[in-house]
Amino acid sequence: MGKQTWKERIPAFASVLGLLVLIAAYYIVGAVRDANVAYGLKAIVNQSVVVALVATGAVFIYTLGSFDISLGAATGVSALLGAMAYNATGSLVIMFLVCVGVAVVLGFINSSLASVFNLPIFVTTVAMMSVLSAFMLILIGWNGAGDTVKVKARDVRPLDNIPFKVFILVSYIALCWFIFTLLPTGREAKFIGGSPVCARLSGINEKKLGIIASLISAVGIGLGAFLTIIYAPTLTKDTASSIGMDVIIAIVFGGMPVSGGPRSRILSAVVGAFSMGFMTQIMSMLNLGSGYGQMIKAAIFLLVVFIALGSQRGKLLTR
Amino acid sequence: MKNMKRILSLALCLMLALACIPALADAPVKIGVLVADATGAEALAFRAYYEHYIAKAYNVEFIYSEELNTADGEKNAIDNFIVNNCKAIISFSSVDRPAQIEQCDAAGIYYAVATGTLTAEEYEEFKDYEYYVGAIGPSLDTEFRVGYDMAAYYIDQGMTKFGIFGGAVPYRTDMHIYRAAGMLCAMIDKGGEGAAYQGVTDPGAVIGMIYGTGSIETGKIGSLELMAYVGGYDFDDAWFGKLAQMAGTEGIEAILTVGSGVDVLGSFVSGSNVKLATVDSFTAAMGEAMNSGIIDYVAGKFATSIGPIFVATLNAVNGQPIRDNDGNALALDQGYWVATDAEQFAQYYAVDSSSEDPAYSKAILDTYVPAGVSYDDFAAFIAQYSFDEIAALKK
């Protein structure tokens, strides 16, 4: 076990270095294009915070070597029901509790179904995604106010500020970091993700951990749903529809392997989500058009992941 | 060597600074464009008019959003425009227009609605906002009328058996519901004694009923019959099966579509005697469908219809907003062009797609650029939206 050289260390920090490079590029492009850089930072936080929340919770599921494709639909349903609860009661507290509560119930259903039928969580989430997408349409129909469910913007405006959002994000990250790093749950999840057979033979209850991971992830979904309403209180059938894919990109961009295991890190999700936010702003400032912008984003994404996974290439699979 | 480096650095800085001077002097006005559709033929036609004609005719740069279908997407896109120092935003996206107006007003950038209007309540709320330029486009009354006229066109020809494709009616999209309601109301009005839809005859009740169910019931409407209905955009086998079944319904004479008629039903009616009518746009693909006899009636937005809202926005940016006597923003209704044969369609399309001399050319638009353009003059200009009226303006 010799001391690691800087070349060996680079992959471990590639995602953070990538974020720092993107921040530097953001300021340079902003200066050249005479952009409103300060306003852009606020926009980046607004645009990244929901993905960061949902992705941070999803790290638990990904660490197990599993995969949840229903994150966006679950966020959408939680937000719709939260908004409808607010319209019925006029209470932001009840809206918050409904958002989180619905997400937790959905997470519990997902993981329980996987447990009862002995299926991978991924399989149940595929089914759940279809059910929830259809349920969103039904909810909008029930609401009976056109193709949207609306909360009055002025009612939620007091909470639509950066300090509140950052407070929610930091609190949730701290909670997840505590569970992931300091409690046995995180270590066991990494063990299962790294080597499911060995973990099982060591007496780790995979199903129980699956349920715990889903519930922790669900809290992130609920918080994301709440902040979605706060930010844009007009909800449609497409609300949060892109979150599922954004979360996968954020987690991989943040340097975490989608196969989970011991190299999983809670902060990967945040680094990835904010890297995407900076990249989006840079592309926007360059006004390249969505086609070229997407291609450049894809190229940067591949480069960062290539460097981040550099240390793993040529080695045996971690699982 | 050190001095040489300093001299070179200074020279480079001077060159950069000099290079910036003409750029600053001629810096175009940046206008953000919010789009709900980035790839459809209609959207591309709108974009081509702005980028290939307007941007060359005026000193403006258009920055486009990605395709938007959520309120948070709209908010993000406006934030991105603000970061880019856009002076104004023209919006084709309507998930949450009040939020868009509020956001732009708070940021101090002008905001205008293209190809749409605000509801009466929304207009009352925002009409005196300093940075709200206004809206020019089909009102919901116009949407109702376009559906009504389409159905009436075939009923007046003696047809009695119809099908309706409701598009986004299941998703409670306002304009599709109003168009469908217009079709049903034409059937009620022209269906003879006792004609009613589900027992109601009042347009408001018909609209309310469609909002309530998110669907349209088939059945007799007086002497007329709505034989089939399909809604939604599922694009799965079952949905295509329903469309094929509707096109093949025994005795059906015409299928009225609230939108996307050629795309979803063209292949099913091709070669049959069933007439297909749609609300769409004047594009090359639609022209081909008209030539091949697939489509029979097109009520279409014309690409250059967005010229006047650009002028109104540019005037506002230049400090000459067009307001009414009470200082309120624009709220002007603009309808569709209707083509009922291939020759007429070709004539409309040739003018609408021209990047040299489009319907709303610079010569026409420049009439309304100078300071002091009155609301009434501008409103009268917008009211002359038919093909023939615009052609007359050119002369």
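**Here's the deal with the domain arrangement of chain B**
All names here are of chain B.
Alright, step 1. Split by domain assignment, chain B resolves into domain 1 (24–139 + 304–335 + 359–394) and domain 2 (141–301).
Alright, step 2. At the junction of the two partners, domain 1 supplies nine residues and domain 2 supplies eight residues.
Alright, step 3. In terms of residue count, helix α2 (residues 41–57) provides more of the side of domain 1 that touches domain 2 than any other element does, three residues in total.

**What to know about the interface of chain A and chain B**
Alright, step 1. Across the boundary between the two partners, chain A contributes 26 residues, which contact 24 residues of chain B.
Alright, step 2. The element that contributes the greatest number of residues to the side of chain A that touches chain B is helix α2 (residues 37–63) of chain A, accounting for five residues.
Alright, step 3. A per-class count over the side of chain A that touches chain B returns eight nonpolar, 14 polar and four charged.

**Here's the deal with the packing of helix α3 (residues 71–89) of chain A against helix α10 (residues 206–231) of chain A**
Residue and element names in this part refer to chain A.
Alright, step 1. Put simply, α3 and α10 touch, their axes get as near as 8 Å, and they point 55 degrees apart. Taken as axis vectors, α3 and α10 run oblique relative to one another. Handedness of the crossing formed by α3 with α10: right-handed. The residues of α10 that touch α3, namely those facing Leu71, Ala74, Thr75, Ser78, Ala79, Gly82 and Ala83, are Ile221, Gly222, Gly224, Ala225, Phe226, Thr228 and Ile229.
Alright, step 2. Taken together, the residues that form the contact of α3 with α10 break down as eight nonpolar, six polar and no charged.

**Things to note about the packing of helix α4 (residues 92–116) of chain A against α10(A)**
All names here are of chain A.
Alright, step 1. Two elements in contact, α4 and α10, have axes whose closest approach is 7 Å; the angle formed by their N-to-C orientations is 150 degrees. Relative to α10, the element α4 lies roughly antiparallel. The handedness of the crossing between α4 and α10 comes out as right-handed.
Alright, step 2. Here the residues of the contact of α4 with α10 are counted per class, giving 18 nonpolar, nine polar and one charged.

**Remarks on helix α12 (residues 267–286) of chain A**
Residues and elements named next belong to chain A.
Alright, step 1. For α12, with 20 residues, the first-to-last C-alpha span of 29 Å sits near the 28 Å given by 1.5 Å per residue.
Alright, step 2. Taking burial as the measure, the 20 residues of α12 include 17 buried ones, the bulk of the element.
Alright, step 3. Asn287, located one to two residues past α12, shows a positive phi value of around 50 degrees.

**Quick notes on the sheet that holds strand β1 (residues 29–35) of chain B**
All names here are of chain B.
Alright, step 1. The six strands lie next to each other as β2-β1-β3-β4-β5-β12, forming an open sheet whose pairing is parallel. Lying at the two open borders of the sheet, with one neighbouring strand each, are β2 (60–67) and β12 (330–333). For this sheet the average axis-to-axis angle between neighbouring strands, irrespective of direction, equals 15 degrees.
Alright, step 2. Both β1 and β2 contribute to a ladder of six bridges, which runs parallel.

Definitions and limits used
Residues numbered from 1 in each chain as written. Chains lettered and ligands numbered in written order. Predicted model: local features only at pLDDT ≥ 70, side-chain atom pairs only at ≥ 80, totals over all residues. Domains from an automatic or database assignment. Contact = placed C-beta atoms within 7 Å. Helix = DSSP H or I, 4+ residues; strand = E, 2+ residues; numbered from the N terminus. Nonpolar A, V, L, I, M, F, W, Y, C, P; charged D, E, K, R; others polar. Axes fitted to C-alpha atoms, helices over the stretch in contact; angles between N-to-C directions. Parallel < 35°, antiparallel > 145°, perpendicular 65-115°, else oblique. Left-handed = near helix turned anticlockwise from the far one by under 90°. Expected span 1.5 Å × (residues − 1). Buried ≥ 20, exposed ≤ 12 C-beta atoms within 10 Å, placed from the backbone. Pairing = 2+ DSSP bridges.

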